[in-house]
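Structural features, examined
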Amino acid sequence: MAHKITLTGKPVSALRLKKNFYTFDMEEKGSPAAPKGLPKSSTITYTVFINQKQLKKAGLTEENIQNQKILVQGEPTLDIPVDDCPGEIGVVCFQVSVIPEKQAEAVKEEKEPKKKEKVKAEEEPKGPEGTEDFISLDQIKVPEEFLQFQPSAYKTQLVIDHVKQAGILDEPITINRETGMLTDGYRRYVVAKKLDMKTVPVIYEKNSAES
């Protein structure tokens, strides 16, 4: 049975011309973990022996070989002089091919707009029924009479539980469109403040002119 070996990766040396063949070095790293009680595998440098015809067929040259990720299939050999084989093991190349680089950039550019649209759609908040807008909690002004009112602890807790479960208030807060003054939903304002909500759903107060 023939002893086969496969190497993948970028060469770690330049292409060297010998008498009637070329050589270059490749490294293979061992697994970081070994079975219990066994020594860990180490990094081994292989010297690949290849001819000009194989290089030409794969499109490899002295200028580009170290920038290409390649796959080498061959057989190991130990019968090579040290001067020709600086690596720990020599590999006689039977077949070599370039592993194509993924065309990731082109694909990324094509898909990027769609990706952004998808994220935007996912990030757009959904409010409770009747929500007309989302505004910053800091924009809402609270009348003095509301500030003097203490909402029921039980009902406030129900709203808190809803927010923790659904991620949003159960009803929008009513405000005056012109002044930003809160006119209804003080309990929900208190909950939003307590839970440090940045934005809240609102509905605008209907005045007599709009009715």
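What comes next is a walk through the structure. Since this is a predicted model, take the numbers as computed values, not measurements.

Observations concerning the overall build of the protein
Within the protein, the secondary structure is distributed over five helices and 10 strands. For the protein, the proportion of its 211 residues judged to be buried stands at 30%. Taking the intrachain contacts of the protein between residues at least 6 apart in sequence as the baseline, contacts between residues at least 24 apart amount to 69%. Looking at the protein as shown, the accessible area adds up to about 15,200 Å², and 51% of this sits on carbon and sulfur atoms.

Points about the side chain of Asp25
If you trace the backbone, Asp25 turns up in strand β3 (residues 22-28). Under the relative-accessibility criterion, Asp25 is labelled buried at 9%. One polar contact links Asp25 to Arg16, side chain to side chain, over a distance of 2.8 Å. Of the polar contacts made by the side chain of Asp25, one reaches the side chain of Thr47; its length is 2.8 Å. Beyond its immediate chain neighbours, meaning those up to four positions away, Asp25 contacts Pro11, Val12, Ser13, Arg16, Thr45, Tyr46, Thr47, Pro86 and Gly87.

Observations regarding the pattern of salt bridges
The full count for this structure, using the stated rule, is eight salt bridges. For Lys4, the salt bridge goes to Glu75, with nearest N and O atoms at 3.4 Å. Taken together, the residues Lys4 in the segment before β1 (5-9) and Glu75 in strand β5 (residues 70-77) connect sequence positions 71 residues apart. The exposure class of Lys4 is exposed, given its relative accessible area of 56%. Look at Glu75 and you get partly exposed, because its relative accessible area is 24%. Within the structure, one salt-bridge network assembled from shared partners comprises Glu132, Arg177 and Lys206.

Definitions and limits used
- Residues numbered from 1 in each chain as written.
- Predicted model: local features only at pLDDT ≥ 70, side-chain atom pairs only at ≥ 80, totals over all residues.
- Heavy atoms only, no water.
- Helix = DSSP H or I, 4+ residues; strand = E, 2+ residues; numbered from the N terminus.
- Buried < 20%, exposed > 50% of the residue type's maximum accessible area, 1.4 Å probe, protein only.
- Contact = heavy atoms within 4.5 Å.
- Areas by Shrake-Rupley, 256 points an atom, 1.4 Å probe, with all protein chains shown as cover.
- Polar contact = N/O pair within 3.5 Å; in protein donor to acceptor, adjacent residues only side chain to side chain.
- Salt bridge = Lys/Arg side-chain N within 4 Å of Asp/Glu carboxyl O.

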